[in-house]
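# Remarks on the overall topology
Listed here are the chains, written in short residue letters.
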Amino acid sequence: DETRDDSIFKAWSFAGALLIPPMRITPSEWAEENIAVTDGDRQGMIRFDRGFEYQVDIINTFFGPFEPGEYRRVGVCFKGAQSGVTTLCQIGLIAWTTHYKVSSFHLLPRECDAKDKAKNMSEMIEANPELANKFKKSQARIRKSKAGQTLRVPYSNSQSELKNWQGGIGVFDEVDDLERKDHDSVAMAKMRMGSYRRRVEIYIGTPTYPDYGIHQVWKDSDQRYYHIPCPICDADQVLSFEGNIEFDNSLETDEQKASSARFKCQECDQTWDHRL
């Protein structure tokens, strides 16, 4: 029976995934060894120094190995443009697909978004011959590993995109835009994770309205804040526009005001910029 044999294969694959030991290194260290960025100002092998140190905690928290007794992980992160959080999530999906042998997905609002992010992910894979060798040549938005797992980039405004596949780890990107009037795309994608005893759900996006989308998901979480140490007095603080950003309001244009912006410590009252 072909169907039964396929089910047995999937069951053994899933059981085997549970026995795979954790990575010998952290996800951030794995990224620095395996991932090259091919566009933007950060081209070349990825590094988490020179202003990107904050990304280390994000990728290691979201994509580190399961703790004893942990079966479902839900991560939530507000993000702005060019913050690098989407790239971190793509790296994490590649790492889990290749190491833990778990099918994964990156859900985006529109087809154009999915094509763009799938292209970025494929470029990261192809830039490392050893990593590329772990995947078969397959469809642009569906990469299949030689071990049988899929790395999929679906979009939410098509119900057919959200049917007939499975994934144990998923990224829900721009959650506010994933909401559909005719179907619940988030719920449909989560149904694809139902056969996995252990699963990881990562929600990222820019908040638009209070108590909606990513803001509501964050309210349902344990609501952790990221603290930044002041480079002058070393005081930890949550960066906020109202509490930490200072600029010269006497300048004439918005561009001039923006160029004068500096971080301001809530403790020592000193200012600095990202180069300090």
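Because the structure is a prediction, the values reported are computed rather than measured.

### Quick word on the overall build of the protein
Of regular secondary structure, the protein possesses 11 helices and 13 strands. Computed over the C-alpha atoms, the radius of gyration of the protein is 20 Å, within 12% of the 19 Å expected from 2.2 N^0.38 for a compact globule of 276 residues. Each of the three principal axes of the protein carries a C-alpha extent, and together these read 75 × 45 × 35 Å. Put simply, 62% of the contacts in the protein that link residues at least 6 apart link residues at least 24 apart. Of the roughly 15800 Å² of accessible surface on the protein, 49% is carried by carbon and sulfur atoms. Averaging the coordinates of the 36 positive side-chain charges in the protein and doing the same for the 43 negative ones gives two points 9 Å apart.

### A few points about the sheet that holds strand β11 (residues 245-246)
As summarised here, the arrangement of the three strands in space is β11-β12-β13, forming an open sheet in which the pairing is antiparallel. Across the chains shown, the open sheet's two edge strands, defined by having one partner strand only, are β11 and β13 (271-272). In this structure, strand β12 (residues 262-264) lies alongside β13, joined through two bridges in antiparallel fashion. Each bridged residue has a counterpart across the sheet, and for Lys-264 the counterpart in β13 is Thr-271.

### Examining the pairing of strand β7 (residues 169-173)
Taking burial as the measure, the five residues of β7 include five buried ones, the bulk of the element. Side-chain alternation along β7 places Ile-169, Val-171 and Asp-173 on one buried face and Gly-170 and Phe-172 on a second face that is also buried. Two elements, strand β4 (residues 104-107) and β7, share four bridges in a ladder whose sense is parallel. Each bridged residue has a counterpart across the sheet, and for Leu-107 the counterpart in β7 is Phe-172.

### Structural notes on the side chain of Ser-122
By secondary structure assignment, the location of Ser-122 is in helix α5 (residues 111-126). Residues in contact with Ser-122, not counting those within four places in the same chain, are Ala-140 and Arg-143.

### Side note on helix α3 (residues 54-63)
The set of residues buried in α3 consists of Gln-55, Ile-58, Ile-59, Phe-62 and Phe-63. Here the buried residues of α3 occupy an arc of 90° about the axis, which is enough to place them on one side. Elements in contact with the buried residues of α3: α2 (27-34), β3 (72-78), α4 (85-99), β7 and β8 (199-205).

### Digging into the pattern of salt bridges
Within the structure shown, the criterion is met by 16 salt bridges. Note that Lys-79 and Glu-174 form a salt bridge whose closest N and O atoms lie 3.1 Å from each other. Remark: Glu-174 occurs in the loop between β7 and α7 (175-178) and Lys-79 occurs in the loop between β3 and α4; sequence separation between them is 95 residues. On the basis of relative accessibility, which here comes to 14%, the residue Lys-79 falls in the buried class. Between Arg-199 and Glu-201 there is a salt bridge whose closest N-O contact spans 3.5 Å. A relative accessible area of 1% places Glu-201 in the buried class. Several salt bridges converge on common partners, so that one network encompasses Arg-72, Arg-199 and Glu-201.

Procedures and definitions
Residues numbered from 1 in each chain as written. Predicted model: local features only at pLDDT ≥ 70, side-chain atom pairs only at ≥ 80, totals over all residues. Heavy atoms only, no water. Helix = DSSP H or I, 4+ residues; strand = E, 2+ residues; numbered from the N terminus. Rg over C-alpha atoms; globule rule 2.2 N^0.38 Å. Contact = heavy atoms within 4.5 Å. Areas by Shrake-Rupley, 256 points an atom, 1.4 Å probe, with all protein chains shown as cover. Lys, Arg positive; Asp, Glu negative; His and termini not counted. Charge placed at Lys NZ, Arg CZ, Asp CG, Glu CD. Pairing = 2+ DSSP bridges. Buried < 20%, exposed > 50% of the residue type's maximum accessible area, 1.4 Å probe, protein only. Arc of directions from axis to C-beta. Salt bridge = Lys/Arg side-chain N within 4 Å of Asp/Glu carboxyl O.

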